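In case you want the letters, here they are:
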Amino acid sequence: MNILVTLNSGYIGPLSVMLKSIMINEPETEINLYVAHSSLTEKDFQIIDKVIDKSRTVVHPVQVAPSLMEHAPVLKRISKETYYRLLVLDIIPENVDRILYMDPDIVVNKSMKDLYNVDFKGNIVAGAGHTVGCVEWYNKKRLDMPESSHYVNAGVLVFNLEEMRKSYTTQDIFDYIEKNLKKLWLSDQDVINGMFGRKTTYFDTRIFNLDEKVFKRERKINLQWVRENTSIIHYNGSQKPWKSEYKGKLSEFYFHYKALADKDLNNG
């Protein structure tokens, strides 16, 4: 299983929790972990090493060169790490045909194999959205997305790299940003939806990208349903369980895996 994460040192703590949750819920899976960054330290990678099973996990540090980002015109107002997933064609080896991208503010509660092995049906990306109603409609309209499409959240994506390489280059992505800069309100998430909205396969957000808004909106699910069915819980936006202002209902999953990660870190 190929997994990509992008971050700076400020998210190394949540990443350690996510990685521990993956180790527990993918107990026999061999993992290639690509860590794209520009400023992580040796100490940061030591933390990663403590929470992974090194017998089946290979960590690939990907130092992103500043030159790769020089054509991204929105860096003046957006953190550069936010854009690293758009560099996937340049920073991931050509022999990798698919990769699962995950934000570090995630915990994995069940196996992700069904997600990772998704049938792309010839499409370039697989994702799931959190928006509905007029917000969903407006996002699609401003980005000229098809009526039948869905605006996806960029925190959990599976990239069909084999198909993507046939039609796109990283320069194509930067050209799209330059051309559409004024309507890209949500940075690279808008880029992914605007460019690939016609080439996206969808999965169930309740199972593979559940956030607090969806949990609150879906009246037919409760915490027990999440325990039994949800694979990926995403603490996106301002709803971070490690922050004092957190008011969500899904914190038990984060703190369960954090306690296990802390044991590894304290025993190192």
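Above this note sits the structure.
Residues numbered from 1 in each chain as written. Predicted model: local features only at pLDDT ≥ 70, side-chain atom pairs only at ≥ 80, totals over all residues. Heavy atoms only, no water.

## Side note on the overall build of the protein chain
At step 1: Counting its secondary structure elements, the protein chain contains twelve helices and nine strands.
At step 2: Taking 18 Å as the expected radius of gyration for a compact globule of 268 residues, we find that the protein chain reaches 18 Å, a close match to that expectation.
At step 3: With the C-alpha coordinates of the protein chain rotated into their principal frame, the extents come out at 50 × 45 × 35 Å.
At step 4: When each of the 268 residues of the protein chain is scored for burial, the buried share is 54%.
At step 5: Looking at the protein chain alone, contacts between residues at least 24 apart form 77% of all its contacts between residues at least 6 apart.
At step 6: Surface exposure of the protein chain reaches about 12,800 Å², of which carbon and sulfur atoms provide 49%.
At step 7: Here the protein chain contributes 36 positively and 35 negatively charged side chains, and the mean placements of these two sets differ by 6 Å. (Helix = DSSP H or I, 4+ residues; strand = E, 2+ residues; numbered from the N terminus. Rg over C-alpha atoms; globule rule 2.2 N^0.38 Å. Buried < 20%, exposed > 50% of the residue type's maximum accessible area, 1.4 Å probe, protein only. Contact = heavy atoms within 4.5 Å. Areas by Shrake-Rupley, 256 points an atom, 1.4 Å probe, with all protein chains shown as cover. Lys, Arg positive; Asp, Glu negative; His and termini not counted. Charge placed at Lys NZ, Arg CZ, Asp CG, Glu CD.)

## Section: the nonpolar core
At step 1: Among the nonpolar cores identified, the biggest contains 37 residues, and Leu 4, Ile 92, Leu 161 and Met 164 are the most heavily contacted of them.
At step 2: Of all the secondary-structure elements, those providing two or more residues to this core are strand S2 (31–37), helix H3 (88–91), strand S4 (98–102), strand S7 (153–160), helix H6 (161–167), helix H7 (170–180) and helix H8 (187–196).
At step 3: With residues near it in sequence (within four places) discarded, Met 164 still touches Val 88, Leu 89, Ile 124, Phe 159, Ile 173 and Phe 196. (Core = buried A, V, L, I, M, F, W, Y, C linked by side-chain atoms within 4.5 Å.)

## A look at the pairing of S4
At step 1: Among the five residues that make up S4, five are buried, leaving the element largely enclosed by the rest of the structure.
At step 2: Here S4 shows two buried faces, one formed by Arg 98, Leu 100 and Met 102 and the other by Ile 99 and Tyr 101.
At step 3: Alignment of strand S1 (residues 2–6) against S4, held across two bridges, turns out to be parallel. The partner of Ile 3 across the bridge, within S4, is Leu 100.
At step 4: Examined bridge by bridge, S4 and S7 share five bridges and lie antiparallel to one another. Residue pairing for S7: Ile 99 is matched across the bridge by Phe 159. (Pairing = 2+ DSSP bridges.)

## As for the pattern of salt bridges
Pairing of side chains with opposite charge becomes possible as their charged atoms draw close.
At step 1: Here the structure, examined in full by the defined rule, presents twelve salt bridges.
At step 2: For Asp 144, the salt bridge identified is with Lys 183, shortest N-O distance 2.9 Å. Residue Asp 144 is located in the loop between helix H5 (133–142) and S7, and its partner Lys 183 is located in the loop between H7 and H8; the two are separated by 39 residues in the primary sequence.
At step 3: On the basis of relative accessibility, which here comes to 48%, the residue Asp 144 falls in the partly exposed class. (Salt bridge = Lys/Arg side-chain N within 4 Å of Asp/Glu carboxyl O.)

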